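One letter stands for each residue in the lines below.
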Amino acid sequence: MEAQLIEVSGIVQGVGFRPFIYRMAKENNIKGWVINDSKGVSIHAEGTKENIKNFIKNIYNKLPQQALIKDLKYKDIKAKEYNDFNILASQNGGSQDTLIPPDLAMCADCLKDILDEKNSRYEYPFTNCTNCGPRFTIIKEVPYDRIKTTMKDFPMCKECEQEFTNPSQRRFHAQPNACPKCGPSLNLYDRNQNILEGGLQKARELLAQGKILAVKGLGGYHLVCDGLNNDAVKSLRNGKKRDFKPFAVMAKNQEILKKYCKISSPEEQALTAANAPIVILERTSEKLPTSLTMGLNTLGAMLPYTPLHLLLFKDNLELLVMTSGNVSSNPLIYKDDSAFKSLVELADYFLVHDREIYNRCDDSVVKVINNNIQIFRRARGYVPLPVEIPKSEALLACGGELKNTFCLTKGNKAFLSQHLGDLENFANFNEYIETIEKMQNYFNINPSLIVIDSHPNFVARNWAYEQNIPVVEVQHHHAHLASCLADNNLDEKVLGVVCDGTGYGTDGHIWGMEFLLGDFTSFERLAHLEYIPLPSGDLASKEPLRIVASYLYKYLGEKEFLENKVLLKKYSLAELKIIQKQIDSKINTPLSSSCGRLFDAVSAFIGVCTRVSYEGQAAMELEAIVAKDYRGKGYNFEILKEEKLIISTKIMWQEIIKDLSEEVSREIIAAKFHKTIAMMILEVVKSLEDKLPSKKVALSGGVMQNKLLSEILINLLKENEYEPIVHKNVPANDGGISLGQALIGGNINVCSSTIKSN
Ligand SMILES: [Zn+2]
Ligand SMILES: [Zn+2]
Ligand SMILES: [Zn+2]
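Let me begin by describing the structure that accompanies this report.

Cut-off values and rules
Residues numbered from 1 in each chain as written. Chains lettered and ligands numbered in written order. Predicted model: local features only at pLDDT ≥ 70, side-chain atom pairs only at ≥ 80, totals over all residues. Heavy atoms only, no water. Pairing = 2+ DSSP bridges. Helix = DSSP H or I, 4+ residues; strand = E, 2+ residues; numbered from the N terminus. Axes fitted to C-alpha atoms, helices over the stretch in contact; angles between N-to-C directions. Contact = heavy atoms within 4.5 Å. Expected span 1.5 Å × (residues − 1). Polar contact = N/O pair within 3.5 Å; in protein donor to acceptor, adjacent residues only side chain to side chain. Donors = N, O, S within 2.8 Å, 3.2 Å for Na, K, Ca; no water. Tetrahedral: all angles 85-135°; square planar, octahedral: opposite > 155°, others 65-115°. Buried < 20%, exposed > 50% of the residue type's maximum accessible area, 1.4 Å probe, protein only.

Within the open sheet, the 4 strands sit side by side as 19-18-20-21. Their pairing is mixed. Of all strands in the sheet, those with a lone pairing partner are strand 19 (407–416) and strand 21 (471–474), marking the two edges. Here the average twist between neighbouring strands, direction ignored, is 60°. Pairing of strand 20 (residues 450–453) with strand 21, which is carried by 4 bridges, proceeds in the parallel orientation. Opposite Ile 450, over in strand 21, you have Val 471 as the bridge partner. Along the sheet, helix 12 (residues 426–443) makes contact with strand 18 (387–397) and strand 19, crossing strand 19 at roughly 155°. Across the sheet, helix 24 (residues 737–747) is in contact with strand 18, strand 19, strand 20 and strand 21; its angle to strand 18 comes to roughly 85°.

On to the pairing of strand 17 (residues 372–377), then. As a general feature of sheets, a regular strand has side chains that alternate between the two faces. As paired strands, strand 16 (residues 365–369) and strand 17 are joined by 5 bridges and run antiparallel to one another. Note that in strand 17 the partner of Val 366 across the bridge is Ile 375. Counted between consecutive antiparallel strands, the loop separating strand 16 from strand 17 contains 2 residues, among which Asn 370 sits at a positive phi close to 50°.

On to helix 12, then. The end-to-end C-alpha separation of helix 12 is 26 Å, in line with the 26 Å expected for 18 residues at 1.5 Å each. Where helix 12 is buried, its residues touch strand 18, strand 19 and helix 13 (461–465). Of the residues flanking the start of helix 12, the one acting as N-cap is Asn 425, its side-chain oxygen 2.8 Å from the backbone nitrogen of Ala 427. A positive backbone phi angle near 55° is found at Asn 444, which sits one or two residues after helix 12.

Here we take up the coordination of the zinc ion (ligand 1). Only Cys 107 (SG), Cys 110 (SG), Cys 129 (SG) and Cys 132 (SG) from the protein reach the zinc ion (ligand 1) as donors, at distances of 2.3 Å. Seen from the zinc ion (ligand 1), its 4 donor atoms lie at angles of 101 to 120°, and the figure they make is tetrahedral. Along the chain, the residues that donate to the zinc ion (ligand 1) are spaced as C-x2-C-x18-C-x2-C. Of the two residues, Cys 107 is situated in the loop between strand 5 (85–87) and helix 3 (108–115) and Cys 129 in the loop between helix 3 and helix 4 (158–165); the sequence distance between them amounts to 22 residues. With respect to class, Cys 107 is no different from Cys 129; both count as buried.

The zinc ion (ligand 3) binds to the protein through His 476 (NE2), His 480 (NE2), Asp 500 (OD) and Asp 734 (OD), with metal-donor distances spanning 1.9 to 2.2 Å. Around the zinc ion (ligand 3) sit 4 donor atoms, and with donor-metal-donor angles ranging over 89 to 147° the site reads as irregular. If you list the donors of the zinc ion (ligand 3) from N- to C-terminus, the spacing comes out as H-x3-H-x19-D-x233-D. With Asp 500 in strand 22 (residues 494–504) and Asp 734 in the loop between strand 30 (723–725) and helix 24, this residue pair connects regions lying 234 residues apart in the sequence. Taken as a pair, Asp 500 and Asp 734 share a single burial class, namely buried.

So this is what it looks like as structure tokens:
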């Protein structure tokens, strides 16, 4: 008889790992025990050498889908001659060092249960097991035990209790275990909060009739309507005051989705993964309502990830709009009273369950770029799993103002919050502060340092300085670069190309197309897009022809600018003269090197989008119209060798004007423009060759989420023997910068990130 102590770390708690070990032990005739401890799971395994070997092999080969082994160590110990294998109760009831699992999409076994008429959970919307179901959204405190979740209000019935305590059952220690007898239930309400007869069945009928329902899900409310009913979608759009932004949909199954979209194999993987995000797919059909697609060639789609969602499709519905239940840019609603208060104008009916949502959590959003999954919005299914980092002191990185996430670090783990939205919104800001407290409690982190964006008007700046903890300010694009490095487990000096909308520069100007040589301690700005004044600052990003005016005035001179036909279509001569005067007198015309604003300007100039109603709209619509079969060259541009390299788009603008006058289609112009940006980046990188420590080029910033641009750029860099480094676990957009801030904050202790030049 041999004996070994096996220690497993990774995602091994809350995912059915111990019952799995129990089954593997039984299969391989192993005696001993398994226990949860602060580092993960420990196993005492006794048996023949051969049996133990097979047992360990099986742990790897048959691992539950949701579990992830980061490390498995084993050593010989003395045999105790056990005659059975047992799951032992955790000594400390689990520890705060263990991970809180994210919510997991319904598993195949639970699906079978709810479709089986003979099963006690037939059509039960809250069916779950150790492999699936709510987690983060219901956990109030750690350790993760039912009593500390919002399931504590539902004492288990005898049958559920039996499953819960029997290690051979799939629901052994499934904390949210529930059945129709003892678990949460569902009610359909009208706007006056009267309960209606018929529940789910009635809800389906109402959806089929074109009604809008507010449906309480896992991490919040969705507004739901039949996605194939143009009138329903239109009325939802009007209600949400969401004039142009596309809606996400949920499809009954993949086959239905394939009628409208192309699904590649990495996209299929993403759609069917346990984190079940919204996947932005290429739309191939014109048959969807125009009020749904809004001129984009993509569709954000997901598959039903809870039994409740699946059951909405039971009859004839194929595609449902599933958009966040909120009003304009307010936070996603997850509490029942605010749903009835705020969504009453938007929803005709409410489908509500009585399991409290403790943590708001939006649907995550991903897109496959160059065959890799890129996360656009990191929330349900991902949070609060940590990102591994080099060892760090406990600190709080506050993130950016838009698409905010914050980040708490402890040891070698960085815990990013779920996507919290735009902090300028007062309600979002309040939830932000609340969520910081919640997460600090979960992970028992008392920050000794707070890291903030260096923008003097950063919304959490005052709050940060009031905490009586040292504060470090970090430049926005430096944080992007560091985020990309950390995301790829790199701790070295690398050239970062950061292209995004807005970030406050060390010279007080608005940066946004930056070539930074840096690491976690400092950076040097080696090149950037030439500055142009943004007439009326923020207004320019909503009315991008103002940016065009600025470019044309700068590059073509007064006469061409005042006589430009495109501008004169929008502005009177008098208005153009006001803009001119504004630029000349430098009043409210911040200088900007933003790549996002350049996209906006070109999009507006060729008539694609002249009025921006949501961030990124002009660029997304520009990407959508690109002539895919265009194989020609991009536009010309200049790289001016000043103290830093400066990219001038003067020639590009002249050539676009020429193309317009020769009636070259805007699809071709858009294609040429995308190529130009990729070429620009390559040429600058090549010009910096002498200064670069390696061939690695880190790509970050929201503009890098442009699939077309990214794919051209990545291939160009590879063809030229560079090694592009792209984001993996956190977004390239501002949703990822808290990670970079944390790494920089952990590495420096001065009052702003060290700057060699600016
Ligand atoms: Zn399950
Ligand atoms: Zn029960
Ligand atoms: Zn940014």
